[in-house]
Amino acid sequence: MSGLSDSQLDTPYREGGWKVRQVVHHVPDSHINCYVRFKLALTEDWPTIKPYDEGAWANLPDSRLPVEVSLQLIAALHGRWVALLEALSEDDFQKGYVHPEMGRQNLAQVLALYDWHSRHHTAHITSLRARQGW
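Quick look at the structure, then. Not measured: the values here are computed from a predicted model. (Residues numbered from 1 in each chain as written. Predicted model: local features only at pLDDT ≥ 70, side-chain atom pairs only at ≥ 80, totals over all residues. Heavy atoms only, no water.)

**Thoughts on the side chain of Q8**
With respect to the helices and strands, the residue Q8 is situated in helix α1 (residues 6-9). The exposure class assigned to Q8 is buried, which follows from its relative accessible area of 17%. At 2.8 Å, the side chain of Q8 and the backbone nitrogen of S5 are in polar contact. The contact partners of Q8, leaving out residues within four places of it in the chain, are G3, V20 and W134. (Helix = DSSP H or I, 4+ residues; strand = E, 2+ residues; numbered from the N terminus. Buried < 20%, exposed > 50% of the residue type's maximum accessible area, 1.4 Å probe, protein only. Polar contact = N/O pair within 3.5 Å; in protein donor to acceptor, adjacent residues only side chain to side chain. Contact = heavy atoms within 4.5 Å.)

Following this line, the structure appears as structure tokens:
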């Protein structure tokens, strides 16, 4: 979030949307949950995972911290996650979990979803920066 002021970080990326700061904190929240789900899927037989309320999490006090905290967290988390992913076999990617709302998901599907998820939220921020001339 190089070069953004606190005022800019506290700007919603769209009308009624989360503030940039909340989006930045949301990504590691989401990816931490997914990382744990991966580990559950690799160590249990199709466990049922617990969803979480993303909107409620985005309004907790830690979502008002400086974004650098979450940028460091996501870098460390992705370091661990990539090491895990690189060690998996093709068979491992067919393991998965049961999401109470979305059903059975194998790890290959989940990985593709979270790759998209990161890019989706990055685009929210980069498009706001472009629109605002930041």
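**A closer look at the pairing of strand β2 (residues 103-106)**
Remark: a regular strand shows side chains that alternate across the two faces of the sheet. Where strand β1 (residues 96-99) meets β2, four bridges bridge the pair, whose relative direction is antiparallel. Looking across to β2, one finds that V98 is bridged to R104. What sits between the antiparallel neighbours β1 and β2 is a turn of three residues. (Pairing = 2+ DSSP bridges.)

**Remarks on the environment of P51**
Topologically, P51 is positioned in the loop between α2 (20-43) and α3 (54-58). Measuring from C-alpha to C-alpha, the distance between P51 and E101 comes to 8.3 Å, with 50 residues separating the pair along the chain. Excluding its chain neighbours within four sequence positions, the residues that come into contact with P51 are R37, H99, P100 and E101.

**Some remarks on the packing of aromatic side chains**
In this description, an aromatic ring pair is defined by two values, namely the gap between the centres and the angle between the planes. This model, assessed by the stated rule, comprises four aromatic pairs. Grouped by ring-pair contacts, the aromatic residues Y35, F38, W81 and Y114 constitute a single cluster. Stacked on the ring of W46, the Lys or Arg R104 has its end atom at 3.7 Å from the ring centre. (Phe/Tyr/Trp six-rings, centres within 6.5 Å; stacked < 30°, edge-to-face > 60°. Lys NZ or Arg CZ within 6 Å of the ring centre and 35° of its normal.)

**Quick notes on the packing of α2 against helix α5 (residues 107-132)**
Put simply, α2 and α5 touch, their axes get as near as 11 Å, and they point 175 degrees apart. With respect to α5, the element α2 is oriented roughly antiparallel. Residues V20, V23, V24, H26, V27, S30, H31, C34, R37, F38, A41 and L42 of α2 lie in contact with α5, whose contacting residues are L107, V110, L111, Y114, H117, S118, H121, I125 and L128. A class-by-class count of the residues in the contact of α2 with α5 yields 14 nonpolar, six polar and one charged. (Axes fitted to C-alpha atoms, helices over the stretch in contact; angles between N-to-C directions. Parallel < 35°, antiparallel > 145°, perpendicular 65-115°, else oblique. Nonpolar A, V, L, I, M, F, W, Y, C, P; charged D, E, K, R; others polar.)

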